[in-house]
2 protein chains.
Amino acid sequence: MAAALEETPVSYEDLAAIERDFDNVETEIIRKQTELTTPLYASRQKTLSTIPNFWPLVLEQAPPDIDQYIQPSDSALLLSSLTSFSVSRFEAPTEPRSISLRFEFSDNEYFEDAVLEKRFWYRRAGDGWQGLVSEPVGIKWREGRDLCGGLLGLVERAYASCPSASAANKKEERKVTAEQKELAKTIENTGMGGLSFFAFFGFIGRRISAEENAVAVQEAGKGGVRAAEDGDEGEDMDDLELDMSLEIFPDGEELALAFADDLWPGAIKYFTQAQEQDALSDADFEDSDAEIEIDDLDQQEDGADDDADARPTKKQRSS
Amino acid sequence: MAAALEETPVSYEDLAAIERDFDNVETEIIRKQTELTTPLYASRQKTLSTIPNFWPLVLEQAPPDIDQYIQPSDSALLLSSLTSFSVSRFEAPTEPRSISLRFEFSDNEYFEDAVLEKRFWYRRAGDGWQGLVSEPVGIKWREGRDLCGGLLGLVERAYASCPSASAANKKEERKVTAEQKELAKTIENTGMGGLSFFAFFGFIGRRISAEENAVAVQEAGKGGVRAAEDGDEGEDMDDLELDMSLEIFPDGEELALAFADDLWPGAIKYFTQAQEQDALSDADFEDSDAEIEIDDLDQQEDGADDDADARPTKKQRSS
């Protein structure tokens, strides 16, 4: 079917202007939601902290868009040592879409850190892109227990070795540093299948400085995306490709949002699911007729439910 | 891992009370959002109506949780004849979670209706369940063109033949009507694989009357779920199982929410995707080096992206 925007009185700019209006309302809504829910979450957290294994039980029930990144060895560590998890919106009310994920751990044989906190800044780029960006967070792995095989350390060093692609000096050609070359080579040699969940802490995304964001937000407010200057777009693309090739966790933004928008608000729902599964697997099925009917219903529903497919695997693996 | 709620000072009722507070805030947020976005959507709709094929192009890009229900024959009908789509929250501000989906069609060879509108009421049951319920919507299929093979008509007749399971007379044992038996037999004989998207219009869900909802909402506000009376729960379960066995589109609520919370707010995003795909497939790849690099990047991302897997299939099928 032919796309027919050219034959209408509507331009891309008109559509972008509509999206901008919705975007402003959405931000306002998240701002309001943050204001109303922050005290509720604080009070919830106090209650939840008295329930042993609350967060490991929630993680066991995590939906596929989180579960798919948790390898069996990650699972062992998370289930035995995760003591708390929380999400905060640290730039609210100014930018309520920036989020911080905080994982707390008991003493464990894998790493020395008691807290791993990863911040995601909501940023706008000059080309109109918007989304979450982050900085690599290091983990103090114990000798021989690094689930990421040294990748996180390499990412930290490569990140520190090179100024942001979007810094004021962006017109100068960016040199690929020795640390970046080492990281790129390691990524190439490793292959990234079966990568540990903890590589998530190495996610960077697009490198958009606070300054570039501020300029882009201001220009967007005026109704335009920055016009590409001669050769400018080409350079941006090169930088973007370089950054992408050094990214060890390309789905970092999606995973962060799954934690913030699903696992965190749905924690009690997932915990209750865990309790029900536990009760079900403990139960004596005295009434075997009734049980068969329930099974039948479950099977009917399973056909169209991806969640149902993913969860039993997880349950088998981690309990 | 043992679930340990029993060993803590926290009860299920405490958790339910926390969820209730969040629920109230969420409803308030949706109310506010509806208030702020309704005028924006009305203005957007005016602009979109001037773009030929806007909604078919959006549907072509629909995410998997919608796309999975659209069969090739549905696709042919939707792509050639869907002229408009809209979502409204017809019980706002009182109950902003009730939604109505409105599909408008040009003259077509499949059915006589120019508009198919399906309403979903947000309801609470006495047992604490909350969600969307609906009523069957009939379609005036043209001779020999019924994509649902008569199922929608059967559902309408079975629905009309039997008062709500939750009506005041619920203590009386509900008799299974002849129309219900016919529907159940047809479902059993048909097998429901490859079912038409239009069976969605037959979704009913739980049969919760406005009265039962009002009582349940009031009791929930007081902090409790209705205690089951002797034998009461068993009867409710029987009714529920009967209703489930007569449901031709068990995922109706999920699909309604995917339309309302994803396709509708994201329409311009999906349309722009369609335009970009169109531009890509038309392009002359003069710079073949650059093209290879872009392909490489795409492949890196595809591995962990379900959407990317699902869309090309759709594109092949419908364009």
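This text follows the structure it describes.
Residues numbered from 1 in each chain as written. Chains lettered and ligands numbered in written order. Predicted model: local features only at pLDDT ≥ 70, side-chain atom pairs only at ≥ 80, totals over all residues. Heavy atoms only, no water.

**Details of the relation of the copies chain B and chain A**
Filter applied, for reference: Here the copies are matched by least squares. The fit uses the C-alpha atoms of residues with pLDDT of at least 70 in both.
Superposing chain B onto chain A takes a rotation of 180 degrees plus a shift of 0.0 Å along the axis, which leaves an RMSD of 0.0 Å. This pairing of chains is accounted for by a two-fold axis. Identified as the residue of chain B closest to the rotation axis by C-alpha distance is Ile29 of chain B, at 3.5 Å.

**Section: the packing of helix 1 (residues 12-48) of chain A against helix 1 (residues 12-48) of chain B**
Going by this rule: Only the stretch in contact is used when fitting a helix axis, every axis being a line fitted to C-alpha atoms; angles between N-to-C directions are given from 0 to 180 degrees. Secondary structure counts use DSSP, requiring at least four H or I residues in a row for a helix and at least two E residues in a row for a strand, with both numbered from the N terminus. Should an angle fall under 35 degrees it is called roughly parallel, over 145 degrees roughly antiparallel, and 65 to 115 degrees roughly perpendicular, with every other angle called oblique. Under the convention adopted here, Pro, Cys and the residues Ala, Val, Leu, Ile, Met, Phe, Trp and Tyr are nonpolar, Asp, Glu, Lys and Arg are charged, and Gly plus all remaining residues are polar.
The geometry of helix 1 of chain A relative to helix 1 of chain B is characterised by a closest axis approach of 10 Å and an angle of 175 degrees between their N-to-C directions. In terms of their interaxial angle, helix 1 of chain A and helix 1 of chain B are classed as roughly antiparallel. Class assignment of the residues belonging to the contact of helix 1 of chain A with helix 1 of chain B gives a composition of 18 nonpolar, 6 polar and 6 charged.

**Focus on the packing of aromatic side chains**
For any two aromatic rings, the description comes down to two numbers: the centre-to-centre distance and the angle of the planes. Where we set the bar: Two aromatic rings, drawn from Phe, Tyr or Trp (for Trp, its six-membered ring), form a pair once their centres lie within 6.5 Å of each other, and the interplanar angle then sorts them: stacked below 30 degrees, edge-to-face above 60, tilted otherwise. Each residue is assigned to one of three classes by its accessible area relative to the maximum for its type, calculated with a 1.4 Å probe on protein chains only: buried under 20%, partly exposed between the two thresholds, exposed over 50%. A ring is scored as having a charge over it whenever the NZ atom of a lysine or the CZ atom of an arginine sits within 6 Å of its centre and within 35 degrees of its normal.
A full pass over the atoms with the stated rule returns 58 aromatic pairs over all chains. Judged by centre distance (5.7 Å) and plane angle (85 degrees), the ring pair of Phe90 of chain A and Trp121 of chain A falls under edge-to-face. Remark: Trp121 of chain A occurs in strand 3 (residues 115-124) and Phe90 of chain A occurs in the loop between strand 1 (82-88) and strand 2 (99-105); sequence separation between them is 31 residues. In this structure Trp121 of chain A comes out as buried when scored by relative accessible area, which is 18%. An angle of 70 degrees between the planes, with centres 5.6 Å apart, marks the rings of Phe111 of chain B and Trp141 of chain B as edge-to-face. Of the two residues, Phe111 of chain B is situated in the loop between strand 2 (99-105) and strand 3 (115-124) and Trp141 of chain B in the loop between strand 4 (130-134) and helix 5 (151-161); the sequence distance between them amounts to 30 residues. Cation over ring: Lys118 of chain A sits above Phe120 of chain A, and NZ or CZ is 5.6 Å from the ring centre.

**A word on the sheet that holds strand 3 of chain A**
Residues and elements named next belong to chain A. What counts, and what does not: Any two strands with at least two DSSP-identified bridges between them are counted as paired.
The strand order across the open sheet formed by 4 strands is 1-2-3-4, and the pairing between neighbours is antiparallel. At either margin of the open sheet sits one strand with a lone partner, and together these are strand 1 and strand 4 (130-134). Neighbour-to-neighbour, the strand axes of the sheet open up by a mean angle of 15 degrees, direction not taken into account. Bridge analysis of strand 3 against strand 4 gives 5 bridges, and the strand direction is antiparallel.

**What about the interface of chain B and chain A?**
For clarity, the threshold we go by: Here, residues are in contact when the closest pair of their heavy atoms is within 4.5 Å.
The interface of chain B with chain A comprises 50 residues on the first partner and 49 residues on the second. Of the residues that constitute the side of chain B that touches chain A, the class distribution is 28 nonpolar, 11 polar and 11 charged.

**As for the sheet that holds strand 3 of chain B**
Residues and elements named next belong to chain B. The strand order across the open sheet formed by 4 strands is 1-2-3-4, and the pairing between neighbours is antiparallel. Each edge of the open sheet is held by one strand with a lone partner, namely strand 1 (82-88) and strand 4. Put simply, the sheet's adjacent strands are angled 15 degrees from each other on average, direction ignored.

**Quick notes on the environment of Ser88 of chain B**
Residue and element names in this part refer to chain B. Tracing the sequence through the fold places Ser88 in strand 1. On the basis of relative accessible area, Ser88 is assigned to the partly exposed category, the value being 34%. It is 8.5 Å that separates the C-alpha atoms of Ser88 and Ala260, two residues lying 172 residues apart in sequence. Discounting chain neighbours no more than four positions away, the residues touching Ser88 are Ser98, Ile99 and Ser100.

**Comments concerning the pattern of salt bridges**
Residue and element names in this part refer to chain A. Note the cut-off: Only one rule defines a salt bridge in this text: a Lys or Arg side-chain nitrogen within 4 Å of an Asp or Glu carboxyl oxygen.
Applying the stated criterion to the full structure yields 18 salt bridges over all chains. When the shortest N-O distance is used, the salt bridge between Arg89 and Asp261 registers 3.5 Å. Taken as a pair, Arg89 in the loop between strand 1 and strand 2 and Asp261 in helix 9 (residues 252-263) lie far apart in primary sequence, 172 residues in all. Overall, the relative accessible area of 24% leaves Arg89 in the partly exposed class. For Arg102, the salt bridge goes to Glu117, with nearest N and O atoms at 3.5 Å. Note that Arg102 is positioned in strand 2 and Glu117 in strand 3, a separation of 15 residues in sequence.

**Considering the side chain of Thr8 of chain A**
For the record, the criterion: Two N or O atoms form a polar contact when they lie within 3.5 Å of each other; inside protein one atom must be a possible hydrogen donor and the other a possible acceptor, and for residues adjacent in sequence the pair counts only when both atoms belong to side chains.
Its location among the elements puts Thr8 of chain A in the segment before helix 1. At 3.1 Å, the side chain of Thr8 of chain A and the backbone nitrogen of Val10 of chain A are in polar contact. With near-sequence residues (within four places) excluded, Thr8 of chain A lies in contact with Thr50, Ile51 and Pro52 of chain B.

**Quick notes on the side chain of Arg124 of chain A**
In plain terms, the rule: Charged-residue counts in this description rest on Lys and Arg as positive and Asp and Glu as negative, His and the chain ends being excluded.
Examined against the element boundaries, Arg124 of chain A turns out to sit in strand 3. No salt bridge is formed by the buried Arg124 of chain A. Its closest oppositely charged neighbour is Asp23 of chain A, at 4.5 Å.

**A few points about the pairing of strand 2 of chain B**
All names here are of chain B. Counting buried positions along strand 2 yields 5 of 7 residues, so the element is predominantly enclosed. Across 6 bridges, strand 1 lies against strand 2 in antiparallel orientation. Its bridge partner lying in strand 2, Phe85 is registered against Phe103.

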